[in-house]
Amino acid sequence: MFFKKKTVQTPVTDERLNSVAIIMDGNGRWAKRRALTRSAGHVAGAANIKNVLRLARDFDIHYLTLYAFSTENWKRPKEEVDGIMKLAVQYLDSAIDEMKKNDQICFRFVGDTSVLSDEIQERIALVRSMDHGQPFVCNVALNYGGRDEILHAANEAVKDGITHITAQDIDERLYTAGTPHPDLLIRTGGEMRVSNFLLWQIAYTELYVTKTLWPDFGRKEFLGAIDAFYGRDRRFGGL
Ligand code: IPE
Ligand code: IPE
Ligand code: MG
């Protein structure tokens, strides 16, 4: 495998890195350092998603799950939230174009999207209709909260008449159903917390935090995270 050979001499883990989640944090600080508005930071952050997606494909990572907007991010000033939602519309349009051109990739928008604007929901419905088992999956978490997702899954199970809920019942009803639980969770921007991301899915995920701010996260940083992953001894509670 390309990155195993090139980046790590003696990989500790036998697990292939297949599912990666990223908390794309630090857009605001990136902008502040350049005396730009926070919204300009989000524009730079959104532009970086394309690069990182390309890198994930180069590294043969089939599932990428990106935290774009949390259920708590509504607390921010309206102007900033409006700017992010405008970027979401643009991003959806480019995702639709990409899926038309490239039958290898599928975008999925995960989270409680039912409260988002009509223009976002219409585009999400179109993206959903184009989902047909493409080998590369990019989940974009929009109005996503890990607690909200677990509650939603449990309530769906109840609606389905299940009285004793199993882990599989939850798994099948997560917004991210169909994506393997992440092998690796990367957080940019240096904060040592998960901020309500993928709470159910990260039970045994390897965590990697870098101080690099999201708009600056590129090939070198991604390889650094992959290197760290292959250096981990994943025991899953065993010996
Ligand atoms: C992450 O960047 C993007 C979103 C949360 C929408 P931030 O906007 O949180 O950037 P910092 O953490 O303030 O630098
Ligand atoms: C997490 O970043 C959410 C996203 C990256 C979308 P935040 O900036 O919202 O997280 P906190 O507030 O530092 O925990
Ligand atoms: Mg932040």
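Residues numbered from 1 in each chain as written. Chains lettered and ligands numbered in written order. Predicted model: local features only at pLDDT ≥ 70, side-chain atom pairs only at ≥ 80, totals over all residues. Heavy atoms only, no water.

Colleague: Any chance you could break down the site of ligand 2 for me, citing the residues and the numbers?
Modeller: The environment of ligand 2 is formed by Ile-23, Met-24, Asp-25, Tyr-67, Ala-68, Phe-69, Asn-73, Arg-76, Arg-187, Arg-193 and Ser-195. In the environment of ligand 2, an oxygen atom lies 3.2 Å from a nitrogen or oxygen atom belonging to the side chain of Asp-25. One of the side-chain N or O atoms of Arg-187 is found 3.3 Å from an oxygen atom in ligand 2. For ligand 2, whose free accessible area comes to 390 Å², the fraction covered by protein is 78%. Element by element, the count of residues in the shell around ligand 2 is highest for strand E2 (residues 63–70), at 3 residues. A class-by-class count of the residues in the shell around ligand 2 yields 5 nonpolar, 2 polar and 4 charged. (Near = heavy atom within 4 Å. Polar contact = N/O pair within 3.5 Å; in protein donor to acceptor, adjacent residues only side chain to side chain. Areas by Shrake-Rupley, 256 points an atom, 1.4 Å probe, with all protein chains shown as cover. Helix = DSSP H or I, 4+ residues; strand = E, 2+ residues; numbered from the N terminus. Nonpolar A, V, L, I, M, F, W, Y, C, P; charged D, E, K, R; others polar.)

Colleague: Break down the site of ligand 1 for me, with residues and values.
Modeller: In the region of ligand 1, 13 residues are neighbours, and Asp-25, Gly-28, Arg-29, Arg-38 and Arg-76 sit closest. Asn-27 is positioned such that a nitrogen or oxygen atom in its backbone is 3.1 Å from an oxygen atom of ligand 1. Contact distances for ligand 1 include 2.7 Å between an oxygen atom and a side-chain N or O atom of Arg-76. Taking 380 Å² as the accessible area of ligand 1 by itself, protein coverage stands at 86%. Elements with a minimum of two residues in the shell around ligand 1: helix H2 (27–33), helix H3 (38–58) and helix H4 (78–101). The element best represented in the shell around ligand 1 is H2, accounting for 3 residues. Considering only residue class, the shell around ligand 1 consists of 3 nonpolar, 5 polar and 5 charged.

Colleague: Account for the side chain of Gln-201, naming residues and giving values.
Modeller: With respect to the helices and strands, Gln-201 occurs in the loop between strand E5 (184–187) and strand E6 (206–209). A polar atom in the side chain of Gln-201 sits 3.0 Å from the side chain of Glu-149. Not counting residues within four places of it along the chain, the set of residues in contact with Gln-201 comprises Tyr-144, Glu-149, Leu-174, Thr-176, His-181 and Pro-182. (Contact = heavy atoms within 4.5 Å.)

Colleague: Before we move on, can you summarise the environment of Thr-188 with the specific residues and values?
Modeller: Relative to the helices and strands, Thr-188 is located in the loop between E5 and E6. Along the backbone, Thr-188 and Asp-60 are 128 residues apart, and their C-alpha atoms lie at a distance of 21 Å. Beyond its immediate chain neighbours, meaning those up to four positions away, Thr-188 contacts Ile-23, Met-24, Asp-25, Thr-210, Thr-212, Leu-213, Trp-214 and Phe-217.

Colleague: I'd like a description of unusual backbone geometry, backed by residues and values.
Modeller: The phi dihedral of Asp-60 falls on the positive side, at around 60°, and the residue is not glycine. Residue position: Asp-60 is located in the loop between H3 and E2. Although it is not a glycine, Asn-196 adopts a positive phi angle of roughly 65°. Checked against the element boundaries, Asn-196 lands in the loop between E5 and E6.

Colleague: Provide a residue-level description of helix H5 (residues 118–129), including the pertinent values.
Modeller: Helix length check: H5, at 12 residues, gives a terminal C-alpha distance of 16 Å against a target of 16 Å (1.5 Å per residue), a fit within 8%. All buried positions along H5 are accounted for by Ile-120, Ile-124 and Val-127. An end-on view of H5 places all buried positions within 60° of arc, on one side of the element. Summarising the geometry of H5, the exposed residues directed more than 90 degrees from the buried face are Asp-118, Glu-122 and Ser-129. On its buried face, H5 sits against H4, strand E3 (105–110) and strand E4 (136–144). (Expected span 1.5 Å × (residues − 1). Buried < 20%, exposed > 50% of the residue type's maximum accessible area, 1.4 Å probe, protein only. Arc of directions from axis to C-beta.)

Colleague: Requested: an account of the packing of H4 against H5, with residues and values cited.
Modeller: Interaxial distance between H4 and H5 falls to 10 Å at its minimum, and their mutual angle equals 20°. Classified by the angle their axes make, H4 and H5 are roughly parallel. Note that H4 runs across H5; the crossing there is left-handed. Here Met-85, Ala-88, Val-89, Leu-92, Asp-93, Ile-96 and Met-99 of H4 lie close against H5, whose contacting residues are Glu-119, Ile-120, Arg-123, Ile-124, Leu-126 and Val-127. Among the residues forming the contact of H4 with H5, the class breakdown is 10 nonpolar, no polar and 3 charged. (Axes fitted to C-alpha atoms, helices over the stretch in contact; angles between N-to-C directions. Parallel < 35°, antiparallel > 145°, perpendicular 65-115°, else oblique. Left-handed = near helix turned anticlockwise from the far one by under 90°.)

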